[in-house]
Amino acid sequence: MQNLINILDLSCEEISELITVADDIIDNPENYYEKCAHKKLATLFYEPSTRTRLSFEAAMLELGGSVLGFSEASSSSVSKGESVGDTVKTVSAYADIIAMRHPKEGAPLVASQRADIPIINAGDGGHNHPTQTLTDLLTIHREKGTFENLTIGLCGDLKFGRTVHSLIAAMSRYSGIKFILISPEELKIPSFVKEDYFGYTPYEETTSLDEALPNLDILYMTRVQKERFFNEEDYLRLKDSYILTPGKLENAKSDLSIMHPLPRVNEISVDIDDDPRAAYFRQAKYGKYIRMALIMKLLNIH
Ligand code: NCD
């Protein structure tokens, strides 16, 4: 049985296979309508979500399967004091696969040790978010046609932004990648990412988006993660650190791809949404297709 807890649980070959399947689903959706008939996905979300939960549910429904679950801890027995382990042990009897989001780092890993069915980490605290990374990889592949020789700017909250951590882990395995890490001093990339995920990939750290922009093939913007701050004052001071406006894009490459895992607060002006370089709503759409491919893989359905 395979789980997806960390993006590095998948080899580069497995990621390529998932992307091939997702591309085929986009081109030939009717071939997949019955693939998961009579299978059930449980979405156990202990933290808010729009895209991740709904794209997982849409993915399973589009595969002909069914979905069950909860979208906030307060509506489950967690509010009575049940452990994650007991919850997933129970849900293992009702579903075939679980997607779990939890505010505590490592909770999906703990769950995978108790569950009898595959567990997918749909975001654990400020740690990792491997299915967002699969979405990001499908987006990069469709926008750029390659995973190699790209300069990738990661901008915003690199400390608490779990999507950034998993994306670094995934992209560090390809050749010719360079990261430019753009953040305020207080929100720099954590040492666990540097130690565990960077490998030999070169990176630069800067506080200036303006200086970095002209060199980038991909700009990955992120929201300052309000819910992970210990005090409101720090959040208020840092929340407007970077705001991408049409004026700032004047010096950017004409084939730049602007990505964002969403939700956006104000870090990308809505005036950019119609720029062909704005890839973030295409990215959100791709999330469903790659999750369809992932569900099939973990359920051993071909
Ligand atoms: C991200 C997350 O939950 O980490 N959202 C998502 O899944 N698309 C990013 C965020 O919340 O800022």
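Okay, so let's go over this structure. As the structure is a computational prediction, the values presented were derived from the model and not from experiment.

We now examine the packing of aromatic side chains. In this structure the tally under the stated criterion is 8 aromatic pairs. A ring pair is formed by phenylalanine 147 and tyrosine 174, whose centres lie 4.9 Å apart and whose planes are at 40 degrees; its orientation type is tilted. On the criterion of sequence distance, the pair formed by phenylalanine 147 in the loop between α5 (130–144) and β5 (151–155) and tyrosine 174 in the loop between α6 (162–171) and β6 (178–182) is long-range, its members being 27 residues apart. Of the residues examined, phenylalanine 147 reaches a relative accessible area of 8% and is grouped as buried. A residue is classified by how much of its surface remains accessible, and tyrosine 174, at 13% relative accessible area, is buried.

Here 5 strands make up an open sheet; going across it, the order is β7-β6-β5-β8-β9 and the pairing parallel. Each edge of the open sheet carries a strand with a single partner, namely β7 (203–206) and β9 (257–259). Strand-to-strand, the axes of this sheet are offset by a mean angle of 15 degrees, without reference to chain direction. Note: β5 against strand β8 (residues 218–221), 4 bridges, orientation parallel. Along β8, the bridge assignment pairs isoleucine 152 with isoleucine 218. Sheet strands touched by α6: β5, β6 and β8. Its angle to β5, the strand with the most contacts, is close to 165 degrees.

Now for empty space enclosed by the protein. In total, this model carries 3 cavities of 30 Å³ or more according to the counting rule given. Taken as a whole, the largest cavity encloses approximately 70 Å³ of empty space. Lining of the largest cavity is provided by Arg51, Ser55, Gln132, Thr135, Pro261, Gln283, Ala284, Gly287 and Arg291. Per-element tally for the lining of the largest cavity: the top contributor is helix α10 (residues 280–298), with 4 residues.

Our next topic: the environment of threonine 52. Structurally, threonine 52 is set in helix α2 (residues 51–62). Taking the C-alpha atoms as reference, threonine 52 lies 25 Å from arginine 173; in sequence the two are 121 residues apart. Discounting chain neighbours no more than four positions away, the residues touching threonine 52 are Phe45, Arg101, Ala122, His129, Thr131 and Arg291.

Taken together, the residues surrounding the ligand are Thr52, Arg101, His129, Gln132, Arg162, Thr163, Arg223, Gln225, Pro261, Leu262 and Pro263. Computed on the free molecule, the ligand has an accessible area of 320 Å², of which 94% lies beneath the protein chains in the complex. Taken together, the residues of the shell around the ligand sort by class into 3 nonpolar, 5 polar and 3 charged.

This brings us to the sheet that holds strand β4 (residues 119–124). Taken in spatial order, the 4 strands line up as β2-β1-β3-β4 in an open sheet, and their pairing is parallel. Each edge of the sheet is formed by a strand with only one pairing partner; in this case those strands are β2 (66–70) and β4. Strand-to-strand twist across the sheet, computed as the mean angle between neighbouring axes with direction ignored, equals 15 degrees. Here 4 bridges tie strand β3 (residues 97–102) to β4, and the two strands are oriented parallel to one another. By the bridge assignment for β4, histidine 102 is matched with aspartate 124. Running over the sheet, α2 touches β1 (40–45), β2, β3 and β4 and is turned about 175 degrees from β1.

Over its 12 residues, α2 runs 15 Å from end to end, which matches the ideal 16 Å to within 8%, given 1.5 Å per residue. Burial in α2 covers these residues: Thr52, Arg53, Ser55, Phe56, Glu57, Ala59 and Met60. Where the residues of α2 are buried, they touch β1, β2, β3, β4, α5 and α10. Just past α2, the residue glycine 64 takes up positive phi, approximately 85 degrees.

What counts, and where the lines are drawn
Residues numbered from 1 in each chain as written. Predicted model: local features only at pLDDT ≥ 70, side-chain atom pairs only at ≥ 80, totals over all residues. Heavy atoms only, no water. Phe/Tyr/Trp six-rings, centres within 6.5 Å; stacked < 30°, edge-to-face > 60°. Helix = DSSP H or I, 4+ residues; strand = E, 2+ residues; numbered from the N terminus. Buried < 20%, exposed > 50% of the residue type's maximum accessible area, 1.4 Å probe, protein only. Pairing = 2+ DSSP bridges. Axes fitted to C-alpha atoms, helices over the stretch in contact; angles between N-to-C directions. Contact = heavy atoms within 4.5 Å. 1 Å grid on protein atoms, 1.4 Å probe; cavity = no way out; pocket = protein on both sides within 12 Å on 5 of 7 lines; lining within 4 Å. Points joined across faces, edges and corners; volume = space filled by probe spheres on them. Near = heavy atom within 4 Å. Areas by Shrake-Rupley, 256 points an atom, 1.4 Å probe, with all protein chains shown as cover. Nonpolar A, V, L, I, M, F, W, Y, C, P; charged D, E, K, R; others polar. Expected span 1.5 Å × (residues − 1).

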